[in-house]
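# Structural description and commentary
Letter by letter, the chains look like this.
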Amino acid sequence: MAFDTIFQPLTFRNLTVKNRIFRSNISGRFDNFDGSGNQARINWELKFARGGVGAIISSFVPVHIRGRIVPNYATIDNDKKIPFWRALGKAVHEYDCKYILQLSHGGRQRDVIGIEYPKGLSSTDDPDPSHGFQCERMTIDDIKFVVQAFAEGARRAREAGLDGVELHGANGYLITQFLSSAINDRKDEYGGSIENRARFVLDVVRAIRKRVGSDFHLQMKISLQEHCDALELFNRGPSGNTIEESIQVCKWLVEAGVDAIHASTGGFFPHPRNPAGVDLPVEQLVTTYDSMVSSGDRGLLNFLLFRKVPDLARKRWNDAAPKPDEIEGQLLPEARQVKAAVSVPVICTGGFQTASIIAAAIERGDCDAVSIARPLVANNDLVKIFQRGEDQAEFPCTYCNKCLVNVIENPLGCYDETRFPSRDAMIAEIMTVFDPPPFV
Ligand SMILES: Cc1cc2nc3c(=O)[nH]c(=O)nc-3n(C[C@H](O)[C@H](O)[C@H](O)COP(=O)(O)O)c2cc1C
Ligand code: SF4
């Protein structure tokens, strides 16, 4: 078969996946306000299971309500949530697809804060520089509490019959806020040297291993380079962790019991490099960013910037992004360095949608598998297309990032009208996530 490499199973310490394509973390605000899941999320995940991916890595699943970034994302913060995740896992398993749940805590980086916790928690008490969300510096007791919340989340995922968990240690969320030299300004044993900054995530890994044992799959998504200074406009200060520091962290993670590394980039989210796009769709952004105007201290300022000087915002963002022809596989050189340093499989994210590029990356030893988000939103059946021997979909993802700027307010789906016969056809496709509806 063409692209044979892609269809070889991948075996981790505790998990075997039927092929090398993982659906990367992505979801919309499909669930209920209180974090209980609903049928729309099951419908969403089934699009990709049906399409042939080997495993789905869920989107951001908060281990505690204070750690959520937007309402209407399913959570795993108490035992009442287990039956929903069990139902979702069972539905996905019918397609011989594995399900890995992303255990997450947003810390100070949030989008819409909801009503329960106006202030987030963080390694620091500096507000998040993107939107200006206020936060409290975590005490040692707070740290112990959140570490335990991650362990309980893993235990619930296991009880739900899911195939593993991923720590969201990337893109500026709580674990990054400890790991990052650009964010963590603590003077205690959780700040300063990279050894101290890694203490929080290593505590989490050890607590999970203690709670679920050593035979449950555990992986970590990590921003190998943070580029926190990518946007001069938001005055973010230093660049953050280097690849060398991140490789050291990966080695410690593996020693502590992590079974795979999921390579990502960017010390905040979204970041010009993640998800990397060809152009910031500012005009669409202002139609949804209004829901954030009252949220953080910078919301109104950002909104006015996007509204009044869109060309300036666009230029600053685009200048910091990779060139369009560098988006697919942009992280492979970094993934390769990690793979050379650790004994566990490495999954790489970032722009993948061409079978020959994916197969060559695996054959060269840059990574063991790839994770795909937007190109699978654009073509849910991309794996089946590869299986037929085709190198690309007929209408590939254009990396326009219109899905990204819509997600804060509208159902997630592909919003690039140029890929559809008409706007009505695009809307009809987006709305399929509600079919079947929550109540039948
Ligand atoms: C709308 C949207 C939502 C995302 N949500 C998450 C998330 O919840 N957790 C996460 O780790 N990454 C998230 N990502 C990042 C993707 O998983 C992926 O790593 C990134 O988009 C690059 O891959 P791609 O080029 O295949 O889209 C999201 C990306 C998009 C566009
Ligand atoms: S809107 Fe569609 S084409 Fe544009 S980045 Fe998202 S999935 Fe790709």
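Residues numbered from 1 in each chain as written. Chains lettered and ligands numbered in written order. Predicted model: local features only at pLDDT ≥ 70, side-chain atom pairs only at ≥ 80, totals over all residues. Heavy atoms only, no water.

Moving on to the packing of aromatic side chains. The full count for this structure, using the stated rule, is ten aromatic pairs. For the pair F30 and F434, a centre-to-centre distance of 6.3 Å together with 85° between the ring planes defines the contact as edge-to-face. Residue F30 is located in the loop between β3 (21-23) and α1 (39-50), and its partner F434 is located in the segment after α16 (423-431); the two are separated by 404 residues in the primary sequence. Taking the relative accessible area as the measure of exposure, F30 reaches 5% and is therefore buried. With a centroid separation of 5.2 Å and 90° between ring planes, the pair formed by Y289 and F306 is classed as edge-to-face. Highlighted residues: Y289 in helix α8 (residues 282-289) and F306 in helix α9 (residues 299-308), separated in sequence by 17 residues. The exposure class of Y289 is buried, given its relative accessible area of 5%. Accessibility expressed as a relative area gives 10% for F306, which makes it buried. (Phe/Tyr/Trp six-rings, centres within 6.5 Å; stacked < 30°, edge-to-face > 60°. Helix = DSSP H or I, 4+ residues; strand = E, 2+ residues; numbered from the N terminus. Buried < 20%, exposed > 50% of the residue type's maximum accessible area, 1.4 Å probe, protein only.)

The step from F269 to P270 runs through a cis peptide bond, and the omega angle for that step is -10°. Examined against the element boundaries, P270 turns out to sit in the loop between β10 (260-264) and α8. Within the chain, F3 stands out as a residue other than glycine whose phi angle is a positive 55°. Tracing the chain through its elements places F3 in the segment before β1 (10-11). Of note in this structure, D96 is not a glycine but carries a positive phi near 55°. Looking at the element boundaries, D96 is found in the loop between α2 (82-93) and β5 (98-104).

Turning to the pairing of strand β11 (residues 346-349), a few remarks are in order. In summary, the side chains of a regular strand alternate between the two faces of the sheet. What you see with β11 is no split at all: V346 and C348 on one side and I347 and T349 on the other are buried throughout. Examined bridge by bridge, β10 and β11 share three bridges and lie parallel to one another. Across the sheet, residue H262 finds its bridge partner in β11, namely I347. Judged from the three bridges that link them, β11 and strand β12 (residues 369-372) form a sheet pairing that is parallel. Looking at the pairing, C348 lines up with V370 of β12. (Pairing = 2+ DSSP bridges.)

Let us now look at the site of ligand 1. Near ligand 1 lie 20 residues; those nearest to it are S24, N25, G351, A373 and R374. With respect to ligand 1, the side chain of Q102 contributes an N or O atom lying 2.9 Å from an oxygen atom. Note that an oxygen atom of ligand 1 is positioned 2.7 Å from one of the side-chain N or O atoms of R374. In isolation ligand 1 exposes 610 Å². Once the protein is present, 96% of that is buried. Looking at the shell around ligand 1, the elements that each hand over two or more residues are β4 (55-62) and α13 (374-378). Of the residues contributing to the shell around ligand 1, the split by class is eight nonpolar, ten polar and two charged. (Near = heavy atom within 4 Å. Polar contact = N/O pair within 3.5 Å; in protein donor to acceptor, adjacent residues only side chain to side chain. Areas by Shrake-Rupley, 256 points an atom, 1.4 Å probe, with all protein chains shown as cover. Nonpolar A, V, L, I, M, F, W, Y, C, P; charged D, E, K, R; others polar.)

Running from N to C, helix α6 (residues 199-212) and helix α7 (residues 243-256) point in directions that differ by 20°, and their axes come no closer than 9 Å. What the angle tells us is that α6 and α7 run roughly parallel. When the axes of α6 and α7 are compared, the crossing they make is right-handed. Here V201, L202, V205 and R209 of α6 lie close against α7, whose contacting residues are W252, L253 and A256. Each residue belonging to the contact of α6 with α7 can be placed in one class, and the counts come to six nonpolar, no polar and one charged. (Axes fitted to C-alpha atoms, helices over the stretch in contact; angles between N-to-C directions. Parallel < 35°, antiparallel > 145°, perpendicular 65-115°, else oblique. Left-handed = near helix turned anticlockwise from the far one by under 90°. Contact = heavy atoms within 4.5 Å.)

As a further point, take the side chain of T349. Along the chain, T349 turns up in strand β11. Its relative accessible area of 11% is what places T349 among the buried residues. In terms of polar contacts, T349 uses its side chain to reach the side chain of S371, at 3.1 Å. Sequence-distant contacts of T349, that is, excluding residues within four places in its chain, are made with S24, H262, A263, S264, L331 and S371.

By size, the foremost hydrophobic cluster in this structure holds 107 residues, and its most contacted members are W85, L103, L167 and F200. Once you skip the residues sitting within four places of it in the chain, L103 turns out to touch V61, V63, I76, F150, G153, A154, V165, E166, L167, H168 and I208. Among the nonpolar cores identified, the runner-up in size contains 24 residues, and F60, Y73, F303 and V405 belong to it. (Core = buried A, V, L, I, M, F, W, Y, C linked by side-chain atoms within 4.5 Å.)

Turning our attention to the sheet that holds strand β8 (residues 164-169). Pairing is parallel in the closed barrel, where eight strands are placed in the order β3-β4-β5-β8-β9-β10-β11-β12. The sheet shows a mean angle of 25° between the axes of neighbouring strands, direction not considered. The strands that α1 touches are β3, β4 and β5; relative to β4, the one it contacts most, it runs at about 150°. Set on the sheet, helix α11 (residues 332-341) makes contact with β10 and β11; between it and β11 the angle comes to about 170°.

Coordinates in, geometry out; function isn't part of it.
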